[in-house]
Structures are given as C-alpha cells and as structure tokens.
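Coordinate analysis (summary)
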Protein chains: 2
Amino acid sequence: MVTFDDIASAAQQIAGVAHRTTVATSRLLDAACGNRMFLKCENLQRAGAFKFRGAYNAVSRLSEAERAAGVITHSSGNHAQALALVCQLLGVRATIVMPQNAPPQKLAATRDYGAEVVLYDPATATREAISRDLAEEHGYVLIPPYDHPHIIAGQGTAAMELVADAGPLDYLFVPCGGGGLLSGSAIAAKHLAPGCKVIGVEPAAGDDATRSFKTGFLHTVRNPDTIADGARTPSLGQLTFPLVRQHVDDMLAVSDDDLIRTMQFVWTRLKLIVEPTGVLGLAAVFNRRYPVEGQRVGVILSGGNADVAMAGQWFR
Amino acid sequence: MVTFDDIASAAQQIAGVAHRTTVATSRLLDAACGNRMFLKCENLQRAGAFKFRGAYNAVSRLSEAERAAGVITHSSGNHAQALALVCQLLGVRATIVMPQNAPPQKLAATRDYGAEVVLYDPATATREAISRDLAEEHGYVLIPPYDHPHIIAGQGTAAMELVADAGPLDYLFVPCGGGGLLSGSAIAAKHLAPGCKVIGVEPAAGDDATRSFKTGFLHTVRNPDTIADGARTPSLGQLTFPLVRQHVDDMLAVSDDDLIRTMQFVWTRLKLIVEPTGVLGLAAVFNRRYPVEGQRVGVILSGGNADVAMAGQWFR
C-alpha cells in the first residue's frame, strides 16, 4: 500500500532536483470555467511531465548494487524520457524498450538523455516479454511506468505542492492513464484537504478506468483511438486499481473534441503548451462535463510534450 | 524626455492592475545559449503582451474630461487589444482604426474587449489621417502605439521588474518595433544596473531602426516582409529615436529563420507560447548572432499572441 507518509518522503527525496512547478491562475479561465481555478503546471516539469517525480523517487532509492546493474522500462512516452533523464543525472544505465514504429522524435529525445533504446516489432512480440527477458538476462531492475509504490508516491508530490500553494480545494481533477498520478494525487489531496473531492478523467475512447472504478471489475481497452496518447494504457494496475477505488471520489471520460477546445484555450489565452493528455482534467471543467460551479478547483496539467507541428490540424 | 522617475511612477500607476510577470530560467536554455538567461515573460501579461503596461499608464493619467471624451488609436496589433482592455477596465470609450483586411481574429479580439473598430481601405487612405480626422471630429484623445512619454515609461516597467527579480544583468536584449519598449527598457536597465549593455533587435527585412541607430539619420522601411508582425512599424518615432540613440548600446537584425528556430525551442522545450516578434531579443543570443558568452543575460519575451494554427507551417 501507499500512504501519505510515502508521498511526504518522496517530496524530500526529489527536493532540489525536480522543479517545484508554478500554480497558474487566470481570471479569464475562472470566467470560462465558472470556478476559481488553480493549475499545477507539470508541463513545466523537467522532461516536460510529472513523470520525472516518480522516476526520480524510484531510481534514487535503489541500492548501490541495483544502480550498478542498471534499469529497464517499456514506454514510448513521457515515462521513458523521464527515466532516461533521471538515470543520466544519477549515473545509472537505462534501457528503454520501444516499438520500432515509435515517432522518430521520441526515439531521439530518449537517446538524447543517454538511454539505450531497444526496438521491437509490435506485430511479433510484446514489450512486457522483451523487457522481462532483458531484465533476466542482464539483471536490470524494471521500473514500470505506474504500477510501483515509489512511482505512485512520487507522482503524489505534485498534488501535495498544489494544495500547499493554492490552499484548501473543493475539487481536484486529475488525468488518468494507468492511474499512478491519479492514485498518488488522491492520497495526497485527501490527507491534506479531507473535504476535497478527487475526480479522475480519461479519454472517452479509452474509458476502461472509469468503468473499472464504477463496477469494481478491472476493464481493459487496448489501443484506444484518442489524441491523448499518454492515456492509451490498457487498464489500471494491480496497485493502482485498489488505490483509485479507495481514494478517488468519481471518474468520467471526455471526448477528443473537448481536449482540443481546452488545449486551444490554454495555448492561445494562457500561452502555455500542454499536450492532449495533459488537459484531461481541465477539459472536464472547461467543457462543463461535470457539475461543479463556484468552487475552488485544482487541476493537474500533467504534461507539455505536444507535437507543436500538429497544431494546424488540431486548431481551426 | 522620459527619465527613470517616469518609469518608477508608471510602476506605481500600474501596480495591482498589470501582472507582475514571472522571470523564467532554464538550464536547458542556458546550455543552448552559452549564458545564464533570464526571460521576462510578457507573453503572460494581460492581453498577451507588454503593451498593456504603457496603455494603462497613459489612459489612467487622463483627466476626467479627456476620459469622458474617449480615446482613439490606429493599430492592428497588440497595442489595439491592450488599449481596448484598458479602456474596458477604466470605463473609457475606445475607438480603434484598423485596415479592413486585418485578420478576423484580431478584429474579433479587439471588439471582444468592447472597443469600437473603424475599418478603412489601406489602398485609399492612411490610418494616421483617419484617426486624426476622427479625433478632431469627436474630441477623442489619441493614444499612439509608441511615440508618447507615458507609453514609453509604462513599457519600461517590464525591464525594471526584470532587474529587480533577476539581479544585476550584463546584457539585456529587447525586441524593437517603434522603439517604445526598447527605449523604456534601456532607461530602466541603465539606471538600475549601470554596467548592463542594452541591445535592440529587429527583423532583418525591417532593419530601419538598426540603420537609424548606427547612422544617426532616421531610416524608414514600409511593410517589410517578416513574420515579426509587431515590428513592421516603418521607423522609430520622434521621441523614441533620440532615446534609443542616447540609452541603447547596440542594435542588430535577425532573420525570420532565426525567429522560427528560437520559437520552436521556446514552445517545445520551455512550453511557452511566444509570437515571432516576442522572440526577437532571444533569437540574437540563441542563434549566436551577437558575441556574448558566459554572461548574465536578460531578455524580454515581449508577447504571446501567436496564431497557433500557423505552427505547422513554421515548424517542421
């Protein structure tokens, strides 16, 4: 289990290394949302997303022997880049298993941080099997993207800082992929502001977590068709599912159109680059998909690694 | 003439109304530029650019009779939107003279702030004549975009805040269109940090100010072909030309390709939306167009009103 003490400990572990990101406010956004909004800008976190928090908390706690062996993960997204940067900072060898059809700029960014990228053919192998085989062969330590207590505790530090800086919140809206950020955020927010309702938000095409949350049975959606590429994870994890059920108050899914409208507002009016997955939480409030009005509402803007050349296709 | 006392007075005048914008720093940017960089984020200013500072300083100092008469300006850019917002806040009627071929979103933004937009045909009339005629007919007070002591003093408050927050600087790089921001910044920076060299930067296609600065004769370039639309002003003004000559240390021009490279870095790595004109100062350092290395360098990111749908054309 993960408790608030684990998150408080993670906050000490990452202090001075992770950015304490700003909490953005805007009268314009308040008017558009009908609430007092507090945006935790994890798009301004190192490597462009909250993932740095969990990755640093996990790798920096490894023993000398484990560090010497090196770490491995399977991810083509923000966890891969965060882990690569963390390993560069800590002098640990990192191996990242990525599909051979991953976007070239993501391969390049991960390699730029000094990680070794192992490509596989997604038609003939699964990334879990590849990384398990490599871990066994070389003794690498697997650092999964969300289903790990140090990862969950690290991700919870963003909500902890948000409540410290914004004061008590009535609501906290959090993007949900595998549930690491959502469960960590819920544990932190409920401890620091017990009256705060924590709401998880995922893309409509991949609403597995919402259905799992509401039914109590683990649902799976493979390769959902959504621009929120950070939330294409097939299901909640063995650790995150019970944590989400225990600490989260409600969940909902929003459409890609909702994400695009929200991104366009944030880019053009707040002048911040956020990626589609990063506005999941804000999209629920901005597009009035959840009945909340006149409240103090926190939102985690989880990442900013958008392909800016796509803007012409997204925005008209 | 405009002195530091005028800027200090402007700072009091706009306090609590204009945003005291953040000064962004980034190890990544420092490495890319070879200097310690301090970015004054006027893209996060109200109405999306530094222009709000001067407009508020000017309009809020009008007499009751002048306020009752209303104000007028000719601009299709950030000064128009800033003046419209300022007038909305102060309850003053604003008339903005814009060419009938101005981008629809700029017309809409100016009208959204409650200003009356008067369109003219740029083939048959000049905006100066139209606004002069309207001012005479209705008794409107003309608030020009840069050549006005209260405008210049107001724009100088951004550099004043930057030096206060970043500490003494060795260099300050500032975008230059009509020279209001540049002259105000130079007066403020030289007073607060006498050793600070102030460098003005404009687009290569419209290098009138650089040539005026270097020769002492006022040069003019009409409708230069550059993506830096905020710096398409034909020349420095009657007030700003001597101030720039007196207080600025050097000037240079950068290419549109330099602007695009710099914008792409700021959007994708710093996650901030800046417009082409807004990165003029940074582009000089980022692209190594000026010999400065290992110094404490301030930069004014002057605005963020970019058309984000253009990103696909700018960035490859």
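1. A short note on the pattern of salt bridges
Residue and element names in this part refer to chain A. This structure, assessed with the given rule, holds 26 salt bridges over all chains. Ionic pairing is found between Asp207 and Arg211, a salt bridge with its closest N-O pair at 3.1 Å. Bridged by salt links that share partners, the residues Lys40, Glu42, Arg53 and Glu161 form one connected network.

2. Let's talk about the sheet that holds strand β4 (residues 94-99) of chain B
Residue and element names in this part refer to chain B. Pairing is parallel across the open sheet formed by 4 strands, whose spatial order is β5-β4-β3-β6. At either end of the open sheet lies a strand with only one pairing partner, and these are β5 (116-120) and β6 (141-142). With 5 bridges joining them, β4 and β5 adopt parallel strand pairing. The partner of Val97 across the bridge, within β5, is Val118. Taken strand by strand, helix α5 (residues 78-90) contacts β3 (71-74) and β4, and its axis lies near 170 degrees from that of β3.

3. Description of the packing of aromatic side chains
Tallied over the full model, the rule gives 17 aromatic pairs over all chains. Considering the side-chain rings of Phe52(A) and Tyr56(A), the 5.9 Å spacing of their centres and the 20 degrees angle between planes classify their relative orientation as stacked. In this pair, Phe52(A) and Tyr56(A) are both assigned in helix α3 (residues 51-59), 4 residues apart and thus about one turn of the helix distant. Note on Phe52(A): relative accessible area 0%, which makes it buried. One aromatic cluster in this structure is built from Trp267(A), Trp314(A), Phe315(A), Trp267(B), Trp314(B) and Phe315(B).

4. Side note on the relation of the copies chain B and chain A
Rotating chain B by 180 degrees about the axis while translating it 0.0 Å along that axis superimposes it on chain A, leaving an RMSD of 0.0 Å. The transformation relating the two chain copies, once decomposed into turn and shift, fits a two-fold axis. Comparing contact sets, 100% of the residues at the interface of chain B also lie at the interface in chain A, consistent with an isologous, same-surface contact.

5. What about the domain arrangement of chain A?
All names here are of chain A. In terms of domains, chain A is made up of domain 1 (4-49 + 149-314) and domain 2 (52-142). Just the C-alpha atoms count here: the centres of domain 1 and domain 2 sit 24 Å apart. The partner domain 2 presents 18 residues to the 26 residues of domain 1 that form the contact. Of the roughly 1,700 Å² buried between domain 1 and domain 2, counting both surfaces, carbon and sulfur atoms make up 52%. Ranking the residues of domain 1 by area buried against domain 2 places Gln13, Ala47 and His150 at the top, with a combined share of 31%. Run the count over domain 1 and domain 2 and you get 3 salt bridges. As a salt-bridge pair, Lys106 and Asp229 come within 3.1 Å of each other at their nearest N and O atoms. The tally of links between domain 1 and domain 2 comes to 11 residue pairs in polar contact (both at pLDDT 80 or more). When contributions to the side of domain 1 that touches domain 2 are tallied by element, the ones reaching two or more residues are α1 (4-14) and α8 (149-166).

6. Considerations on the packing of α1(A) against α3(A)
Residues and elements named next belong to chain A. It is at 9 Å that the axes of α1 and α3 come closest, and there the two elements cross at 90 degrees. Comparing the axis directions of α1 and α3 gives the class roughly perpendicular. On the side of α1, the interface is formed by Ala10, Gln13 and Ile14, while α3 contributes Arg53, Tyr56 and Asn57. Of the residues belonging to the contact of α1 with α3, the class tally is 3 nonpolar, 2 polar and 1 charged.

7. Things to note about the environment of Ser60(B)
Residue and element names in this part refer to chain B. Mapped onto the secondary structure, Ser60 falls in the loop between α3 (51-59) and α4 (64-69). A relative accessible area of 11% places Ser60 in the buried class. In sequence terms Ser60 and His138 are 78 residues apart; their C-alpha atoms lie 20 Å from each other. Once residues within four sequence positions are removed from consideration, Ser60 is found in contact with Gln13, Arg67 and Leu90. At a separation of 2.9 Å, a polar atom in the side chain of Ser60 contacts the side chain of Gln13.

8. Thoughts on the side chain of Thr73(B)
Residue and element names in this part refer to chain B. In this fold, Thr73 is placed in strand β3. Here Thr73 falls in the buried class, since its relative accessible area comes to 0%. Here Ile143 takes part through its backbone oxygen, which lies 2.6 Å from a polar atom of the side chain of Thr73. Setting aside anything within four residues of it in sequence, one finds Thr73 in contact with His79, Leu83, Thr95, Ile96, Val97, Leu142, Ile143, Pro144 and Pro145.

9. Notes on the sheet that holds strand β9 (residues 250-254) of chain A
All names here are of chain A. Here we have 6 strands laid out as an open sheet, ordered β1-β2-β10-β7-β8-β9, and mixed in their pairing. Edge strands, defined here as strands with exactly one partner in the open sheet, are β1 (23-24) and β9. Relative to strand β2 (residues 36-41), β1 runs antiparallel, the two sharing 2 bridges. Following the sheet pairing, Val23 is matched in β2 by Lys40. Across the sheet, helix α10 (residues 208-215) touches β8 (197-203) and β9, and the angle it forms with β9 is around 150 degrees.

10. Structural notes on the pairing of strand β4 (residues 94-99) of chain A
Residues and elements named next belong to chain A. In terms of residue burial, β4 counts as a mostly covered element, since 6 of its 6 residues are buried. Residues Ala94, Ile96 and Met98 of β4 are buried on one face, and the alternating residues Thr95, Val97 and Pro99, pointing to the opposite face, are buried as well. Handedness of the crossover joining strand β3 (residues 71-74) and β4 through helix α5 (residues 78-90) is recorded here as right-handed. As a crossover connection, the stretch from β4 through helix α6 (residues 104-112) into strand β5 (residues 116-120) is right-handed.

11. Overview of the interface of chain B and chain A
Frequently, the measure chosen for interface size is the accessible area removed from exposure when the parts meet. Listed per partner, the contact involves 22 residues of chain B and 22 residues of chain A. Across the interface of chain B and chain A, roughly 1,600 Å² is buried in total on both sides, 58% from carbon and sulfur atoms. It is Arg27(B), Lys271(B) and Val308(B) that lose the most area in chain B upon contact with chain A, and together they represent 38% of the buried surface on that side. Across the chain B-chain A interface, the total number found is 0 salt bridges. For the pair chain B and chain A, the number of links is 6 residue pairs in polar contact (both at pLDDT 80 or more).

12. So, helix α8 (residues 149-166) of chain B
Residues and elements named next belong to chain B. In this model α8 runs 26 Å from its N-terminal to its C-terminal C-alpha over 18 residues, within 8% of the 26 Å that 1.5 Å per residue would give. The element α8 is extensively covered by neighbouring structure, given that 13 of its 18 residues are classed as buried. Two residues or fewer past α8, Gly167 is found with a positive phi of approximately 85 degrees.

13. With respect to the nonpolar core
Nonpolar side chains in soluble globular proteins tend to be buried together. If you look at the biggest cluster of nonpolar residues, it comprises 81 residues, and the most contacted ones within it are Phe173(A), Trp267(A), Phe173(B) and Trp267(B). Apart from residues no more than four positions distant in its own chain, Phe173(A) is found in contact with Ile199(A), Val201(A), Gly281(A), Ala284(A), Val285(A), Tyr290(A), Val292(A), Val297(A), Gly298(A), Val299(A) and Ile300(A).

Conventions we followed
Residues numbered from 1 in each chain as written. Chains lettered and ligands numbered in written order. Predicted model: local features only at pLDDT ≥ 70, side-chain atom pairs only at ≥ 80, totals over all residues. Heavy atoms only, no water. Salt bridge = Lys/Arg side-chain N within 4 Å of Asp/Glu carboxyl O. Pairing = 2+ DSSP bridges. Helix = DSSP H or I, 4+ residues; strand = E, 2+ residues; numbered from the N terminus. Contact = heavy atoms within 4.5 Å. Axes fitted to C-alpha atoms, helices over the stretch in contact; angles between N-to-C directions. Phe/Tyr/Trp six-rings, centres within 6.5 Å; stacked < 30°, edge-to-face > 60°. Buried < 20%, exposed > 50% of the residue type's maximum accessible area, 1.4 Å probe, protein only. Least-squares fit on C-alpha atoms with pLDDT ≥ 70 in both. Domains from an automatic or database assignment. Buried area = accessible area lost by both parts, 1.4 Å probe. Polar contact = N/O pair within 3.5 Å; in protein donor to acceptor, adjacent residues only side chain to side chain. Parallel < 35°, antiparallel > 145°, perpendicular 65-115°, else oblique. Nonpolar A, V, L, I, M, F, W, Y, C, P; charged D, E, K, R; others polar. Right-handed = clockwise from strand over helix to strand, strands pointing away. Expected span 1.5 Å × (residues − 1). Core = buried A, V, L, I, M, F, W, Y, C linked by side-chain atoms within 4.5 Å.

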